[in-house]
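Descriptive structure summary
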Amino acid sequence: MSMARTGTRPEHIRPRGGASAMRKKTFWLTTMMLPATIWLLLIRYLPMFGIVMSFLDYKLPTRKVPFPLNLLKSPWVGLKNFQFLFTGESLTMIRNTIGYNALWIVLGLLISVAFAIMMSELSRKFLAKTYQTMMFFPYFLSWVVVSYFLFAFLDPTNGMLVRSQRAAGAAAVDWYNTPAYWPYILTICSLWKNTGYSTVLYLSAITGIDRSQYEAAAVDGATKWQQTVHVTLPHLKPMIVILLIMNVGKIFNADFGLFWSVPMNSAPLYPVTQVVDTYVYRAYTSTGNVGMSTAAGFLQNLVGFICIMIANGIVRKLDADSSLF
Amino acid sequence: MTTAAKKNTGAFRLNMVSRKTESVFHLILGLFALACIIPFIFVIIISFSSENSIRQIGYSFVPSSWSLDAYRQVFNLGDALWRSYFNSFFITIAGTVLSVTMCVLYAYPLFRKDYKLRGFFSFLSFFTMIFGGGLIPTYIVCKNLLGMSNNYAALIVPMLVSPFNIIIMRTFFQTSVPFDLIEAATIDGSGEYTTLVRVILPIVKPGIATVALLTALGYWNEWFLCLLYVTKRDLYPLQYLLMEMQRNAEFLARNSSMIGASGAQAVASLPSQTMRMAVVVFIVLPIACAYPFFQRYVVAGLTIGSVKG
């Protein structure tokens, strides 16, 4: 990119046929961008103006006052829509969102890097390949399907765990009404579904490392552990950093499907399953409060944006090559 | 070392972890790998269990008796099921074709070093990855302004463009298309579109396959759009049908005593537990069958996307 911008272009990208050919080329290439550009403007950029609704007492559109015009009829209420932030309910959901994300970022990183390193040390490549294929499988399933998988174990009447608890003479746990277990269940589900994916990513980075570096280290008497610490991990660092930035940037975004369909939308579990995304959706569908749910969504995006900027800024200070932008 | 590893017969292990350590690795990885597929196998077993067995011993890996009733019921669902199956396939295919076309058309000029507006358009798509209007404004724009409600467009359009896929596609262009080739085609008098379709696309087929698979998976697994925009049963994709079955079953089970006779009747005609598990099998089966073949492409794509993204 920098080459194209400087005045002295290398021979092969200098335009041929002068300015008119250049204009023609720019024109045709721009027409290619049009479909997706229109989509981006309509579905991604236009809603950004909708953020204004978080400062309005939103009036629903009617036949007489159709959609964009009803905004003019909605009175300005300042920060009133943000008052929800100071309720106990919203503190819970913020704690849940950030807490789960932070925990899963750390656990996911440790487990998948460890798995990838173990996998790369297996001598039977066929088995390693088989493990990889099996581990990656859950990544391709929807949370709705996963919720059925879980249901097969926890269903209050027929679930396998419930039946075996009864068979053992113990009182069966009413899983879908007992919040205490869900932080663990959700953690297991999240790791179960995503570990395979990140393991595969790290494994492909490890496979790309030049083997001669390990040989050199071995000749110098490095143990396998020392090789891992001094050869493998430094090579994985850029990827770890990039995935960390991306995840930290998304720390205020939760996986809607996981928190909504896996606990079967069970109300008694809300204290431990309510996250920003489900809160916005439930606030909107139950109360129809557009102003407040827009405000919550806006805060979510704003915090996410700030997080990703800070994370990226820190990384750029430490190691410019690893930063995202 | 690699050749040594390949020839490794057990007695000679050059620069490898000890046998004991490797067995521990096998144990850990093997157990986790099994845990990843066992729930699916469990659901398959449940779908073939008889209702009797479930009443007696609950869901079990070894049911007391087997039965095909669940699948009979699934086929008796008739229209609702086939309609949803059709919807899922239609949404997946139409969505993927449109989405991949738009993705390739957007990514190609971004890769062209000689395209003047490349910086601007890169930013235009990249910025949406880090900031957005949020769920409710997007919902209002799609529904009230663009008329996406109770139609196929509502299930397809909101997912058409993915900046992530654009980055993957652009990287594929960068790594596999030599710039001289475009130059040569231009000298031969080929227009931009002709160059793209005739010269460039055949080279980046693996990239297209990758993006197409990721998109298709996204559409196949989608249910949130249906939750937001669709209330008409005719339009339900399979995933949503499944979710709704669960919801109805629970609602009726909880309230059957209150509703009385009509409620009891409704409970009796409920999709049975095994039948719902059979529908799960129907959803996962296409993925499970195709998965070993497309895994390679997806790994390539995700690796690129997450590193360059």
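Presented here is an overview of the structure given in this document. (Residues numbered from 1 in each chain as written. Chains lettered and ligands numbered in written order. Predicted model: local features only at pLDDT ≥ 70, side-chain atom pairs only at ≥ 80, totals over all residues. Heavy atoms only, no water.)

Before going further, it helps to spend a moment on the overall build of chain B. When helices and strands are counted, chain B shows 16 helices and 0 strands. The contacts of chain B with a sequence gap of at least 6 include a subset with a gap of at least 24, amounting to 71%. Summed over all atoms, the accessible surface of chain B reaches about 13600 Å², with 66% contributed by carbon and sulfur. (Helix = DSSP H or I, 4+ residues; strand = E, 2+ residues; numbered from the N terminus. Contact = heavy atoms within 4.5 Å. Areas by Shrake-Rupley, 256 points an atom, 1.4 Å probe, with all protein chains shown as cover.)

Turning our attention to the interface of chain B and chain A. Facing 111 residues of chain B, the contacting portion of chain A comprises 104 residues. Carbon and sulfur atoms make up 75% of the surface buried where chain B meets chain A, a total of about 9900 Å² over both sides. In this structure, the connection of chain B to chain A is made through 1 salt bridge. In this structure, K25 of chain A and D114 of chain B form a salt bridge, with 2.8 Å as the shortest nitrogen-oxygen distance. Scanning the region where chain B abuts chain A turns up 20 residue pairs in polar contact (both at pLDDT 80 or more). (Buried area = accessible area lost by both parts, 1.4 Å probe. Salt bridge = Lys/Arg side-chain N within 4 Å of Asp/Glu carboxyl O. Polar contact = N/O pair within 3.5 Å; in protein donor to acceptor, adjacent residues only side chain to side chain.)

With respect to the helices and strands, the residue V162 of chain A is situated in helix α7 (residues 160-167). Each C-alpha atom of the pair V162 of chain A and V173 of chain A lies 6.7 Å from the other, and the pair is 11 residues apart in sequence.

All names here are of chain A. For helix α6 (residues 143-154), spanning 12 residues, the distance from its first C-alpha to its last is 16 Å, which sits close to the expected 16 Å at 1.5 Å a residue. For α6, the tally of buried residues reaches 12 of 12 residues, placing the bulk of the element in the interior. Turning to α6, its buried residues are W143, V144, V145, V146, S147, Y148, F149, L150, F151, A152, F153 and L154. (Expected span 1.5 Å × (residues − 1). Buried < 20%, exposed > 50% of the residue type's maximum accessible area, 1.4 Å probe, protein only.)

On the surface, V24, L27, I28, L31, L34, I38, I41, F61 and V62 of chain B cluster together to form a nonpolar patch covering roughly 770 Å² of accessible area. Counting through the fold element by element, L31 of chain B comes out in helix α2 (residues 19-47). (Patch = residues over 30% accessible without salt bridge, like charges linked within 9 Å, V, L, I, M, F, W, Y side chains within 5 Å.)

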